[in-house]
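Architecture and fold: a report
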Amino acid sequence: MRKDSKAWESVRDHYMARLDAIRQAAEEVAELAANAEVPASRIAWLSISLESAYTWIPDTPVPPATVDREDHLLTNAEMLLGSAMITARGAVANRLVYHLVNEAQPEEPEMCEELECAEDCSGRHDTSHIDCGPDAIFEDLLEHDITIEEPGPAPLSPRLATLIAPRPEEPPPLFPGLEEHASAALPRLGIDPDDPEVLLSAAAAGLAAGALLNEPLDAIRAAPGGPNAGDVFAQGVDLYRRARKALVAARDSGPERLSAFTAIASDLDLPWAGGSRFTLRSASGPVADFIRNIEEQVWITEEMMRRQGWRDALLHRAFAAASKATHHFGMPGWPAVVEAAMKRFASLDRVSAPSELADLGEVETALLQEPDRLGVNALGWLVRHAVLG
C-alpha cells in the first residue's frame, strides 16, 4: 500500500506541475493582452499556443484503489488553472475585439488638431472602451434574425414604491384611551406613569413576567427535570434586564428589535440564569406552548408600538406588571420587598443556608441590584423558607 501511495504521488505531482506551468502561462498571456505595446497579432498567436498547450493536457490521473481517491490538491490545481484560463481568454477577447473595431475605423485627420495628436498619427483614433448601454445587444442581434425577449423594467426600490403607493389605512388602536386610563389607574398601583425610568422598568418587569409566569411553565415545573423555584427566580431577573434593553432598542430602532428578547427567552439550549443547569430542551411538558406564549406576548407589545407608539406599549406592559408581577424585581415596590425579606431572613436559623447567604449585607445588596448573582441554590433556599414573601 505504501508503494502504491508513493507511485501515485509521483504521478500526481508531475501532472500538477504541468497544470501549474500552464496556469502561469495563462496569467502571463492575460497580462500581455492588457499591454498596448504588444501587437494584437502577437496576442492572437500567444492565445493559440496557450489553447494548444491546454488541449494537450493529459486526462486527470486516477489513483489506485489502495489510495484515497479524494485528492484536494489535485482538485484545487485544476480549479486554479480553469480560473486562469477564463481570465486569459477574457483579456485576449477584449484586446482583439477592440483591435478589430479600431482597424475598421475610417481615418479622421481633421480630428488630430483637436486631440493634439503626434506628428506621425495615422488619423485613426483608437478607443479602448465603448459603452453601448444595457440593451443595444438585443437590437444588434435582430440584424441577424435573432430575437431575445428583453427583461422588463426593474422593480421600484422600496423607498420609491412607498412614496408612490397609496397610503394604507391606519390600523385601529388595540387599546383606545390607554393614556387617560393609565394616568388615573397606575399611580394607585404604585407606578408613576410620568417617570420615564419607573415606567420603563415596570414595562420590562411586565414583559418578563408575561413571558415566564404562565400555565405552560407551571406544567414544565411539575414534570420530572423541571426548573425549581431558584431557577425561575433567577431567570425572571435576567429576562427583566433583557426586556429593558430590548424595549430601549425598540424605541430607537423599531419594534422588530424586541426579537432579541424572544430569541433569548425561547432558546432551547441556553442554560437559565444564576448558574442554573436547566434548559428548555431538557424539559418535559408543554415546551412548545411555553415558547408560543413568549412569541405572542412579544407580538402584542410590538403591535402596540406600531399602532399606538412606544409609550402606550410601555403603559400596557406596566398594567400587566401591576396585575401579575407586583413584587417582581425591577418594580417600584421591590426595595420594600427586600427590606421585609431581610427582616424575616435575619430572624431565621440560617445553619442550613448556602454559603452565598452568610453575609447579610452582601445578600441585601445582591437582592436590590442583581439577585441572580446569589445563584439558584441560594435563591431557592430563600423561596422555600418564605423569605421573599
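Note on numbering: residues in each chain are counted from 1, in written sequence order. Residue-level local features of this predicted model are given only where pLDDT is at least 70; pairs of side-chain atoms are given and counted only at 80 or more, and the full residue set underlies all totals for whole chains, interfaces and linings. Values shown for side chains rest on all heavy atoms present in the structure; no hydrogens or waters enter the calculation.

**Describing the layout of surface pockets**
As a volume, the largest pocket reaches approximately 480 Å³. Contributing to the lining of the largest pocket are 19 residues, with L213, F233, H327, H328 and W334 lying nearest its centre. Of all the secondary structure elements, the ones that give two or more residues to the lining of the largest pocket are α8 (196-212), α10 (229-253) and α14 (334-346). Per-element accounting of the lining of the largest pocket gives the leading share, five residues, to α10. Tallied by class, residues from the lining of the largest pocket come to 13 nonpolar, four polar and two charged. Only protein atoms enter the calculation, which uses a 1 Å grid: trapped sets of points that fit a 1.4 Å probe without letting it out are cavities, open sets showing protein on both sides within 12 Å along at least five of seven lines are pockets, and any residue with an atom within 4 Å of a point is a lining residue. Grid points are joined across faces, edges and corners, and a volume is the space filled by probe spheres set on the points. Put simply, DSSP marks the helices as runs of H or I at least four residues long and the strands as runs of E at least two long, and each gets a number from the N terminus on. The residue classification treats Ala, Val, Leu, Ile, Met, Phe, Trp, Tyr, Cys and Pro as nonpolar and Asp, Glu, Lys and Arg as charged. All others, Gly included, are polar.

**What to know about helix α15 (residues 360-369)**
Along an α-helix, residues three or four apart share an orientation, since each turn contains 3.6 residues. Buried residues are those whose accessible area, probed at 1.4 Å on protein chains only, stays under 20% of the maximum for their type, while exposed residues exceed 50% and partly exposed ones sit between those limits. Where α15 is concerned, the buried positions are V363, A366 and L367. Seen from one end, α15 has its buried residues packed into an arc of 100 degrees, which puts them on one side. Looking at the buried side of α15, the elements it contacts are α14 and α16 (376-384). The distance from a side-chain oxygen at the start of α15 to the backbone nitrogen of G361 is 2.9 Å, and the residue carrying that oxygen is D359. As used here, the arc belongs to the directions running from the helix axis to the C-beta atoms. A contact between two residues is defined here by any heavy atoms of the two lying within 4.5 Å. By the criterion applied in these results, polar contacts are pairs of N or O atoms within 3.5 Å in which, for protein atoms, one can donate a hydrogen and the other can accept it, and in which residues neighboring in sequence qualify only through two side-chain atoms.

**What about unusual backbone geometry?**
In this model, D145 sits at a positive phi of 60 degrees, which is unusual for a non-glycine residue. Within the element layout of this structure, D145 appears in the loop between α5 (136-142) and α6 (158-164). On the accessibility criterion, D145 (73% relative accessible area) is exposed. One non-glycine residue with positive phi stands out, namely A386, at about 55 degrees. With respect to the element layout, A386 can be found in the segment after α16. Its relative accessible area of 42% is what places A386 among the partly exposed residues.

**Focus on the nonpolar core**
Residues belong to a common nonpolar core when they are buried Ala, Val, Leu, Ile, Met, Phe, Trp, Tyr or Cys residues joined through side-chain atoms within 4.5 Å. Membership of the largest hydrophobic core comes to 70 residues, with the highest contact counts inside it found for F261, F290, L357, L367, L374 and L382. Among residues more than four places away in sequence, those in contact with L382 are F345, L357, L367, L374, V387 and L388. Ranked by size, the runner-up nonpolar core spans 23 residues in total, among them M16, A26, A30 and L81.

**Section: the side chain of T279**
Note that T279 resides in the loop between α11 (259-265) and α12 (287-308). Residue T279 is classed as buried on the basis of its relative accessible area of 13%. The residues touching T279, leaving out its near neighbours within four places in the chain, are L268, D269, L270 and P271.

**Describing the side chain of T301**
As for its position among the elements, T301 is in helix α12. Not counting residues within four places of it along the chain, the set of residues in contact with T301 comprises L207, L247, L258, A313 and R317.

**Considering a negative patch on the surface**
Residues enter patches when their relative accessible area tops 30% and they take part in no salt bridge; the joining distance is 9 Å for like charges and 5 Å for the nonpolar side chains Val, Leu, Ile, Met, Phe, Trp and Tyr. The Shrake-Rupley method, run with a 1.4 Å probe, gives the accessible areas here. Residue values count only the displayed protein chains as cover. In the sections that follow, a salt bridge refers to a side-chain nitrogen of Lys or Arg positioned within 4 Å of a carboxyl oxygen of Asp or Glu. Neither His nor the chain ends contribute to the count of charged residues, in which Lys and Arg are positive and Asp and Glu negative. Positions of charges follow a simple convention, taking NZ of Lys, CZ of Arg, CG of Asp or CD of Glu. On the surface, D135, E139, D140, E143 and E150 cluster together into a negatively charged patch. Mapping D135 onto the fold places it in the loop between α4 (112-115) and α5. A relative accessible area of 38% places D135 in the partly exposed class.

**Examining the pattern of salt bridges**
Following the criterion strictly, the structure yields 18 salt bridges and no others. Residue E51 is joined to R89 by a salt bridge in which the shortest nitrogen-to-oxygen separation is 2.7 Å. Of this pair, E51 sits in helix α2 (residues 40-55) while R89 sits in helix α3 (residues 72-103), and the two are 38 residues apart along the sequence. Judged by its relative accessible area of 24%, E51 is partly exposed. As a salt-bridge pair, R306 and E256 come within 3.8 Å of each other at their nearest N and O atoms. Here R306 is found in helix α12, whereas its partner E256 is found in the loop between α10 and α11, with 50 residues between them in sequence. Under the relative-accessibility criterion, R306 is labelled partly exposed at 41%. Several salt bridges converge on common partners, so that one network encompasses E256, E302, E303, R306 and R307.

**A closer look at the packing of aromatic side chains**
A pair of Phe, Tyr and Trp rings is counted when the ring centres sit within 6.5 Å of each other, with Trp represented by its six-membered ring. The angle between the planes then sorts it: under 30 degrees is stacked, over 60 is edge-to-face, the rest tilted. The tally for this structure, following the rule as stated, stands at five aromatic pairs. When the ring of Y240 is compared with that of F329, the centres are 5.4 Å apart and the planes differ by 85 degrees; the resulting orientation is edge-to-face. Here F329 lies in the loop between α13 (310-324) and α14 and Y240 lies in helix α10, a separation of 89 residues in the sequence. You can call Y240 buried: its relative accessible area is 8%. Accessibility expressed as a relative area gives 10% for F329, which makes it buried. Centroid distance W272 to F278: 4.8 Å. Interplanar angle 80 degrees. Geometry classified as edge-to-face. The same class applies to W272 as to F278, namely buried. Aromatic rings pair up to connect F233, Y240, F329 and W334 into one cluster. Sitting over a ring, as applied to charges here, requires NZ of Lys or CZ of Arg to be within 6 Å of the ring centre and within 35 degrees of the ring normal. One Lys or Arg, R350, reaches over the ring of F345 and ends 5.3 Å from the middle of that ring.

None of the figures reported here should be taken as evidence of function without further support.
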